[in-house]
Amino acid sequence: MAPVETSSPEQHEDAGKAAAAATRSYWRWHKDDFFPEPSFASWGAYRRALGATPARLRDRFAGRSTDAAELGALRRRSENEMRRCLTWWDLTWFGFGSVIGAGIFVLTGQEARDHAGPAIVLSYVASGLSAMLSVFCYTEFAVEIPVAGGSFAYLRVELGDVAAFIAAANLILENIIGTAAGYNELDPIAVVVIAVTAALAMLSAKGTSRVNWVASAVHVLVIGFVIVAGFIHANPSNLRPFMPYGVPGVFRAAAIVYFAYGGFDNIATMADETKNPSRDIPLGLLGSMSVITAIYCVMALVLSMMQPYTAVDRSAAYSVAFSSVGMHWAQYVVALGALKGMTTVLLVGALGQARYTTHIARSHIIPPVFALVHPRTGTPVHATALIAVASACIALFSSLDVLSSLLSVSTLFIFMMMATALLVRRYYVRGVTTQAHARRFAALLLLVIASSAGIAAYWGTSPERWQGYVVLVPVWAAGTLGIQVLVPAARAPKVWGVPLVPWLPSLSIATNLFLMGSLGKDAFIRFGVCTAVMLVYYVLVGLHATYDVAHGACAGEEEDEFTAADDDKKVAAADVEKADAADGVR
C-alpha cells in the first residue's frame, strides 16, 4: 500500500493565507490595508514608535535594499503581476509622448523674450546635454534593476532609505506638477483631460500605447510643419544681437527650459511591463531623447529667425510669429500641436507616475493599498487614481510659470542624486569594498559634490567674475580623477554600462547643480517648503512603516533588506574579476 502524504500545520496555514489572498477583493479600504504595520496598531503603539524616532532614523539612514529585493520581495506586494506587453517601439513613442508637450511651445517664447534672446538655442543645447547625461545614468540602472520604481528603486539600493524617500517625495511632487502644468488657473478642462487619460491608463498599458502612437505621430507632423514653414520665412538678421542678456541669461533660460525635457524617466518605470527590458529600455530612452534634443534646438532656432526676440509673444510665441509673416491660419496648426502635446504628456504621465507610486507603496512609504495591481487589467488602478485626483486639484489652482521653475529644481535635484548613486554603485559594495577605500571614496565624492555646488553658487552670485572658477573647476577635476585612480571599482555593469566612469556621472552632478544654481531664489524657497512638509510626513508616518517592514515586523512580509546581500556580494566580486581580466589587470 502506497504511503499517504500528510501536510504539516505550517503548510495548511500557508495554503490558507494564499487562498484568502486569492479571494480578497481588489476594492478594499480597511484600516489594515492602509496601515498594516505594528507601529500603527493602536495609539499606544504609535506613541512608542514616535519615542523611538531617533534610533529608527539612524537605522533607516544606514539601511539599504538590494537588487534582488527590489525585483522580488517588493514586486510580490502588488499581489498581481503587470502584463509584459511593451516593446522598444512602444517605449520610443512613449519617450516622444512623455517629453514633447506644451513646454516647447510655451517656454521657448517666454525664455527667449525674458532671458536668452536668440541664444535660446544654446539654452536648449545646454539643458539637452545635461538631460542626456542623466539618460545614460538612468539606462544603466534600468538595465540592471528593471522594476516599476525607476529612480526611487535605484536610490533605495545605492543611497538608502532616507535618500530614497527624499527622491520619492520629489518624484510624487514632480509627477503631480508635471500632470497639472500647461493650464491656466481654475481650468476645469484640465480636470476633464486628466480624468480621461487616467481612465485609459487604468484599462490597459498596451491600449494606452496605441493611442499614444497616433497622437504622437500627429504631434511630430505638426512639429515638422513648424520647422519647414518657419525656415521658409526665416530672416537671419533676427539673430542679432545673439546674446542680449549675456551668458547668465542663457543658463537661466536653460534651467527653466529643462522643464521641457522632463518626463523621459517615465520610460524606466515601464520595466515591469516590458518584454525585454535589458534591450528595450536603453533603445527607448537613448533613441527618443537623442531625436527630441535635436528637435528642440531646431524649433528654438526657427522661432529666433522668424522674429526679433523683442517681438516674441511670451504666451503664444509660434502662433504670433506665423501671423507676423502672413500665415494667420498656421496658429490653428500650432494650437493643435500644443493640444496633442499636452494630451500625450498626460497620457504617458498617467502610466509612468502610477508605476512610480506603485513601487513607492510597495516599500510602505505610502499606504501599501496603492501598490495593488488589478487582477483583470494588470494595471495599478489605485495608484493611477491617487495621482489623477492630486493632479486635478493642482491643475485647478496653479499656472505654468509657477510650476515650471518648481518642477525644474525638483527634476534637477533627482537627476543629481541619480548620478551620485551611479558612482556609489560602481565604487562601493558592502562586503567587497574595504573600509579604507570606502572612506577614500566618500571623501572624494563629497569633494566632487561640494566643488560642483560651489561652482553653481559662485555663478549665481558673481556670474561675471572668473577667479573662483580657477580654483573650483580644478578641485572638481581632482576629485573625479581621484576616484578613478585611488578607488578600485567594486562592480562592473552586467549588460550595458555608462561610458567614461567616473567622468560622465561626475559631469552630470556638476551640470545639474549648475543649472539648479541658475534658477531664482523663489524656486528654491518653494522647493524647500515642499521638501520640509514631506519630511514631516516621513518622520510621522513613512519612517515607522518602512522600519517595521525592513525588520520583518509586518505579518506576511519578509525582510526586504540584506536578504540577498550575500548574493549581491558574490555577483559584484565576479563582475570585478571579469572586468579586471578584460583590462589585463589580473
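Reading the values: rules and limits
Residues numbered from 1 in each chain as written. Predicted model: local features only at pLDDT ≥ 70, side-chain atom pairs only at ≥ 80, totals over all residues. Heavy atoms only, no water. Helix = DSSP H or I, 4+ residues; strand = E, 2+ residues; numbered from the N terminus. Contact = heavy atoms within 4.5 Å. Areas by Shrake-Rupley, 256 points an atom, 1.4 Å probe, with all protein chains shown as cover. Patch = residues over 30% accessible without salt bridge, like charges linked within 9 Å, V, L, I, M, F, W, Y side chains within 5 Å. Salt bridge = Lys/Arg side-chain N within 4 Å of Asp/Glu carboxyl O. Buried < 20%, exposed > 50% of the residue type's maximum accessible area, 1.4 Å probe, protein only. Expected span 1.5 Å × (residues − 1). Phe/Tyr/Trp six-rings, centres within 6.5 Å; stacked < 30°, edge-to-face > 60°. Polar contact = N/O pair within 3.5 Å; in protein donor to acceptor, adjacent residues only side chain to side chain. Core = buried A, V, L, I, M, F, W, Y, C linked by side-chain atoms within 4.5 Å. Axes fitted to C-alpha atoms, helices over the stretch in contact; angles between N-to-C directions. Parallel < 35°, antiparallel > 145°, perpendicular 65-115°, else oblique. Left-handed = near helix turned anticlockwise from the far one by under 90°. Nonpolar A, V, L, I, M, F, W, Y, C, P; charged D, E, K, R; others polar. pLDDT = per-residue confidence, 0-100.

### Looking at the overall build of the chain
Move 1: Assigned secondary structure in the chain consists of 24 helices and zero strands.
Move 2: Partitioning the contacts of the chain with sequence separation of at least 6, the portion at a separation of at least 24 is 85%.
Move 3: Accessible area for the chain stands at about 23,400 Å²; split by element, carbon and sulfur atoms hold 67% of it.

### As for a nonpolar patch on the surface
Move 1: Together, L122, V125, L129, F242, M243 and V247 make up a nonpolar patch on the protein surface, roughly 460 Å² of accessible area in all.
Move 2: When residues of the nonpolar patch are assigned to their parent elements, the largest contribution, three residues, is made by helix α9 (residues 120–144).
Move 3: Note on placement: V125 falls in helix α9.

### Quick look at unusual backbone geometry
Move 1: The step from R240 to P241 runs through a cis peptide bond, and the omega angle for that step is -5°.
Move 2: Residue position: P241 is located in the loop between α13 (205–232) and α14 (246–257).
Move 3: Between V501 and P502 the backbone carries a cis peptide bond, its omega angle lying at 15°.
Move 4: One can find P502 in the loop between α21 (467–486) and α22 (503–517).
Move 5: Here the phi dihedral of E79 falls at roughly 70°; this positive angle occurs in a residue that is not glycine.
Move 6: Mapped onto the fold, E79 is located in the loop between α6 (73–76) and α7 (88–99).
Move 7: The partly exposed category is assigned to E79, whose relative accessible area is 40%.

### Here we look at the pattern of salt bridges
Move 1: Evaluation of the coordinates by the stated rule reveals 19 salt bridges.
Move 2: Ionic pairing is found between D114 and R314, a salt bridge with its closest N-O pair at 2.8 Å. A residue pair is termed long-range when its members are at least 10 positions apart, and D114 in helix α8 (residues 103–116) and R314 in the loop between α15 (277–306) and α16 (317–324) qualify at 200 residues.
Move 3: The class for D114 is partly exposed, based on a relative accessible area of 27%.
Move 4: Taking relative accessible area as the criterion, R314 reaches 40% and is therefore assigned partly exposed.
Move 5: As a salt-bridge pair, E144 and R425 come within 2.8 Å of each other at their nearest N and O atoms. Placement of E144 in helix α9 and of R425 in helix α19 (residues 400–427) is noted, with a sequence separation of 281 residues between them. With respect to class, E144 is no different from R425; both count as buried.

### Some remarks on α21
Move 1: Spanning 20 residues, α21 covers 29 Å between terminal C-alpha atoms, matching the ideal 28 Å at 1.5 Å per step.
Move 2: Restricting attention to buried positions, one finds in α21 the residues G468, Y469, L472, W476, G479, T480, G482 and I483.

### Re the packing of aromatic side chains
Move 1: Under the counting rule described, the total for this entry stands at 31 aromatic pairs.
Move 2: Consider the rings of Y138 and Y154, whose centres lie 6.4 Å apart with planes at 75°: the pair is edge-to-face. Here the residue Y138 occupies a position in helix α9, and Y154 occupies one in helix α10 (residues 151–158), the gap between them amounting to 16 residues.
Move 3: Clustering of aromatic rings is evident, with ring pairs tying together Y124, Y138, F141, Y154, Y258, Y261, F264, Y296 and F415.

### Describing the environment of S25
Move 1: For S25, the position within the fold is in the loop between α1 (9–23) and α2 (31–34).
Move 2: Sequence spacing of S25 and H374 is 349 residues, and the spatial spacing of their C-alpha atoms is 9.7 Å.
Move 3: A polar side-chain atom of S25 sits 3.1 Å from the main-chain amide nitrogen of W27.

### A closer look at the side chain of N266
Move 1: Tracing the backbone shows N266 in the loop between α14 and α15.
Move 2: With a relative accessible area of 7%, N266 lands in the buried category.

### Here we look at the nonpolar core
Move 1: Y124, Y138, Y154, M289, Y296 and M299 are the most contacted members of the largest nonpolar core, which totals 132 residues.
Move 2: Top contributing element to this core by residue count: α19, with 14 residues.
Move 3: Not counting chain neighbours up to four residues away, the residues in contact with Y296 comprise V99, I100, G101, I104, Y124, A260 and Y261.
Move 4: I455, Y458, Y469 and L472 belong to the second-largest nonpolar core, a separate cluster that totals six residues.

### So, the packing of α8 against α9
Move 1: Packing of α8 against α9 leaves a shortest axis separation of 9 Å and a crossing angle of 120°. Taken together, the axis directions place α8 and α9 in an arrangement best described as oblique. Seen from above, α8 lies across α9 with right-handed handedness. Within the contact between the two elements, α8 uses G103, I104, L107, T108, E111, A112 and A116 and α9 uses I120, S123 and Y124.
Move 2: Across the contact of α8 with α9, the residue classes break down as six nonpolar, three polar and one charged.

### Some points on the packing of helix α3 (residues 43–51) against helix α23 (residues 521–550)
Move 1: α23 packs onto α3 with a crossing angle of 95° between their chain directions and a minimal axis gap of 10 Å. Taken together, α3 and α23 sit at an angle that is classed as roughly perpendicular. Across the interface between the two elements, Y46, A49 and L50 from α3 touch V539, L540 and H544 from α23.
Move 2: Here the contact of α3 with α23 is composed, by residue class, of five nonpolar, one polar and no charged.

### Structural notes on the confidence of the model for the chain
Move 1: The predicted model of the chain has a mean per-residue pLDDT of 82, with 84% of residues at 70 or higher.
Move 2: When pLDDT is averaged over each element of the chain, α3 comes out on top at 94 and α1 at the bottom at 47.
Move 3: Across residues 1–21, where pLDDT falls below 50, the model places two contacts with residues more than four positions away in sequence or in other chains.

### Notes on the environment of I194
Move 1: Within the secondary structure, I194 is located in helix α12 (residues 188–203).
Move 2: On the basis of relative accessible area, I194 is assigned to the buried category, the value being 3%.
Move 3: Along the primary structure I194 and S391 are separated by 197 residues, whereas in three dimensions their C-alpha atoms are 7.6 Å apart.

### Considering the side chain of S506
Move 1: Mapped onto the elements of the fold, S506 is located in helix α22.
Move 2: A polar atom in the side chain of S506 sits 2.7 Å from the side chain of T480.
Move 3: Sequence-distant contacts of S506, defined by excluding residues within four places in its chain, comprise L423, V448, W476 and T480.

### Brief notes about the environment of N276
Move 1: Following the sequence through the fold, N276 ends up in the loop between α14 and α15.
Move 2: Between the C-alpha atom of N276 and that of C85, which follows or precedes it by 191 residues, the distance is 9.7 Å.

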